Amino acid sequence: MYKKSPWAAVCVLAFGVAVGTLQMTAVVPLLPALQRDLHTSMTSASWTVTASLLSGAISIPLLSRLGDLYGRRRVAIVSLGLLVAGSVVAALATTLAGVVVGRVLQGFAAPLLPLAMGIARHEVPRDRLPTAIGVLSAMMGVGSGGGMILAGLVGGGYQALFWVLAGLAAAGTGLVAVFVHEPLRPAPGARPDFAGAALTAAWLVCLLLAVSKGTVWGWTSAATLGLLAGSVVLCAAWVLSARRVAAPLIELPMLLHRGTVGATVASLLLGFALFGVITTLSSVAQGRLGASVLQVGLYLLPTALLMLAVSLLAGRLMRRFSASSLVGAGSSVVAVAALWLSVSHGSPATLYGAATVLGLGIGLGYAALGTMAVQHVEPAKTAAAGGVNSLVRVVGSSVAGAVTAAVSSGAGAGWSFAVSAIAALVSALFAFAQGALARTPALVTAETPRATAGGAA
């Protein structure tokens, strides 16, 4: 199948990743409508965003591991099926609780990127792999920007948006089932680390709940400090558990390996920067400029278009430049866009200009992050490595919403954009640092067997 037409499968997988990412940001411009239609506060309505990010952060390592063990194509179809189910539940819901339940199910689409990268690593010819992974990775950025555009194009209440998402997810499920074929490669004797999944879920819930509610409860309140302390304790328990089981949900050596830690930190901070910029931009556009949901989507249209255009050039770029240098360059460009907005964000021209620069930077960074994350791991662990990378990206995105909202309400939108700029700059430093480490003899020697294994695969 792939030898005859590898791009048919890559395009189908890219569509699935884009649809799975749309739901992450599509709700952001609709928060005022959700607050009104569900008769709730803005803080409570924001949980329609947080719930999806939470379940996504939890499901990424779990479903990525299940994909390694039982087949990534099979798990990808299940993930898209849960997105369909969650969209239908949210569309039919008339209460906040019902919408949140639907959003939790939608969050299980988050692992589609690492699953797709795992399929591509095994099935796409080696000379086309950088382009394939670049396109798949860029779909995270395209989906993030496209979600807000979709919300504006659909218009109306939240039900219409969720019905459209259900239709797109159903189409993606069918396309993956028909066009993507992956020989089943079971891992004998291995089993999912459900204890690790439970501990991961627990400490992430505590951390993100504290961050999202800190501005309401107070950062020094007993509830916030208790949740933060609980997060630390549960994270420590997760680390101990991961060191004792044969096949942990997240392999700590992979997470901390000198060849991947740069990609991990860069992904965390770049996800923070992107989500911080688009959420603050949405708030500024609707609050200061009186923009409609559709107009907010149009402001972000250059971002989505540039991300897609750059992703199509990813393979050619990665034949000339290292993945880490592209991530570093992309992060630097994102920092420029965020700094621009921190200084000036009071006119439509400024928003359009900065959104264009943002799209160029995110397109470069996201397209190369996938390769940067997996190039130093053996093929059998590609989905797991991609899962870790996607996990920290989602965590960064979810933290960004709460942090930038707190900064914006306390110090103004300019400072909120500045925080995102700092995150992007630090992301660039880590990416360039990993590129420098990759050129050292110790790392090259350590990774040579893995590179050989990847070529043999």
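This is a predicted model, so every value here is computed, not measured.

This paragraph deals with the overall build of the protein chain. Scanning the protein chain from N- to C-terminus turns up 21 helices and zero strands. If you take every contact in the protein chain between residues at least 6 apart in sequence, the share linking residues at least 24 apart comes to 82%. Just so you have it, the protein chain exposes about 16,800 Å², and 70% of that area is on carbon and sulfur atoms.

For the rest of this paragraph, the subject is helix α11 (residues 222–244). The end-to-end C-alpha separation of α11 is 33 Å, in line with the 33 Å expected for 23 residues at 1.5 Å each. Within α11, the full set of buried residues consists of T224, L227, S231, W238, S241 and A242.

Below, the discussion takes up the packing of aromatic side chains. Per the stated rule, a full pass over the model turns up three aromatic pairs. Judged by centre distance (5.0 Å) and plane angle (55°), the rings of Y299 and Y352 are tilted. Residue Y299 is found in helix α14 (residues 293–299), and its partner Y352 is found in helix α18 (residues 348–374); the two are separated by 53 residues along the sequence.

This next bit is on a nonpolar patch on the surface. On the surface, L153, L294, L298, L301, L305 and Y352 cluster together to form a nonpolar patch covering roughly 520 Å² of accessible area. Going through the elements one at a time, α14 and α15 (301–312) are the ones with two or more residues in the nonpolar patch. Given a relative accessible area of 60%, L153 falls into the exposed group.

Where helix α1 (residues 6–25) contacts helix α9 (residues 158–179), the axes come no closer than 9 Å and their chain directions differ by 155°. As far as their axial angle goes, α9 and α1 are roughly antiparallel. The chirality of how α1 crosses α9 is left-handed. Facing A9, V12, F15, V19, L22 and Q23 of α1, the residues of α9 in contact are L165, L168, A169, A171, G172, L175, V176 and F179.

Taking 1.5 Å of rise per residue, the twelve residues of helix α7 (residues 112–123) would be expected to cover 16 Å, and the 16 Å separating its terminal C-alpha atoms lies within 8% of that figure. Most of α7 is tucked away: twelve of the twelve residues are buried. Three or more residues of α7 are buried, namely L112, L113, P114, L115, A116, M117, G118, I119, A120, R121, H122 and E123.

Bringing the nonpolar core into the picture now. Within the largest apolar cluster, 129 residues are counted, with the highest numbers of intra-cluster contacts made by L136, F162, L358 and I362. With 14 residues, helix α13 (residues 261–287) is the single largest residue contributor to this core. Ignoring sequence-local partners within four residues, the contact set of F162 consists of V27, S87, A90, A91, V99, R103 and Q106.

A few words now on the environment of Q286. Topologically, Q286 is positioned in helix α13. Using a relative accessible area of 25% as the deciding quantity, one classes Q286 as partly exposed. Distance from Q286 to P29, taken between C-alpha atoms, is 8.7 Å for residues 257 residues apart in sequence. Those residues in contact with Q286 that lie beyond four places of it in its chain are P29, P32, A291 and V296.

Take the environment of I58 next. Residue placement: I58 occurs in helix α4 (residues 47–70). Note: C-alpha distance between I58 and A198 (140 residues apart in sequence) is 8.6 Å.

What follows is about the packing of helix α5 (residues 72–92) against α7. It is at 9 Å that the axes of α5 and α7 come closest, and there the two elements cross at 155°. Our classification of the angle between α5 and α7 gives roughly antiparallel. The way α5 lies across α7 gives a crossing that is left-handed. On α7, the residues touching R72, R73, V75, A76, S79 and L80 of α5 are L112, L115, G118, I119 and H122. Per-class residue counts for the contact of α5 with α7 are six nonpolar, three polar and two charged.

By the element assignment, S420 lies in helix α20 (residues 413–438). According to the relative accessible area criterion, S420 is buried, its value standing at 0%. Ignoring anything within four residues of it in the chain, the contact list for S420 reads F272, A273, G276, V277, A338 and T404.

Okay, the confidence of the model for the protein chain next. Any residue range with low pLDDT should be treated as having predicted coordinates unsuitable for detailed reading. In the predicted model, the protein chain carries a mean pLDDT of 80, and the fraction of residues at 70 or more is 85%. Per-element confidence in the protein chain is highest for α5, whose mean pLDDT is 94, and lowest for helix α21 (residues 441–456), whose mean pLDDT is 42. Taken as a whole, residues 442–457 scores under 50 in pLDDT and shows 21 contacts with residues more than four places along the chain or in a different chain.

Next up on the list: the side chain of S267. Topologically, S267 is positioned in helix α13. Among the residues examined, S267 registers a relative accessible area of 0% and is labelled buried. Sequence-distant contacts of S267, defined by excluding residues within four places in its chain, comprise L369, N389, V392 and R393.

Thresholds applied
- Residues numbered from 1 in each chain as written.
- Predicted model: local features only at pLDDT ≥ 70, side-chain atom pairs only at ≥ 80, totals over all residues.
- Heavy atoms only, no water.
- Helix = DSSP H or I, 4+ residues; strand = E, 2+ residues; numbered from the N terminus.
- Contact = heavy atoms within 4.5 Å.
- Areas by Shrake-Rupley, 256 points an atom, 1.4 Å probe, with all protein chains shown as cover.
- Expected span 1.5 Å × (residues − 1).
- Buried < 20%, exposed > 50% of the residue type's maximum accessible area, 1.4 Å probe, protein only.
- Phe/Tyr/Trp six-rings, centres within 6.5 Å; stacked < 30°, edge-to-face > 60°.
- Patch = residues over 30% accessible without salt bridge, like charges linked within 9 Å, V, L, I, M, F, W, Y side chains within 5 Å.
- Salt bridge = Lys/Arg side-chain N within 4 Å of Asp/Glu carboxyl O.
- Axes fitted to C-alpha atoms, helices over the stretch in contact; angles between N-to-C directions.
- Parallel < 35°, antiparallel > 145°, perpendicular 65-115°, else oblique.
- Left-handed = near helix turned anticlockwise from the far one by under 90°.
- Core = buried A, V, L, I, M, F, W, Y, C linked by side-chain atoms within 4.5 Å.
- Nonpolar A, V, L, I, M, F, W, Y, C, P; charged D, E, K, R; others polar.
- pLDDT = per-residue confidence, 0-100.

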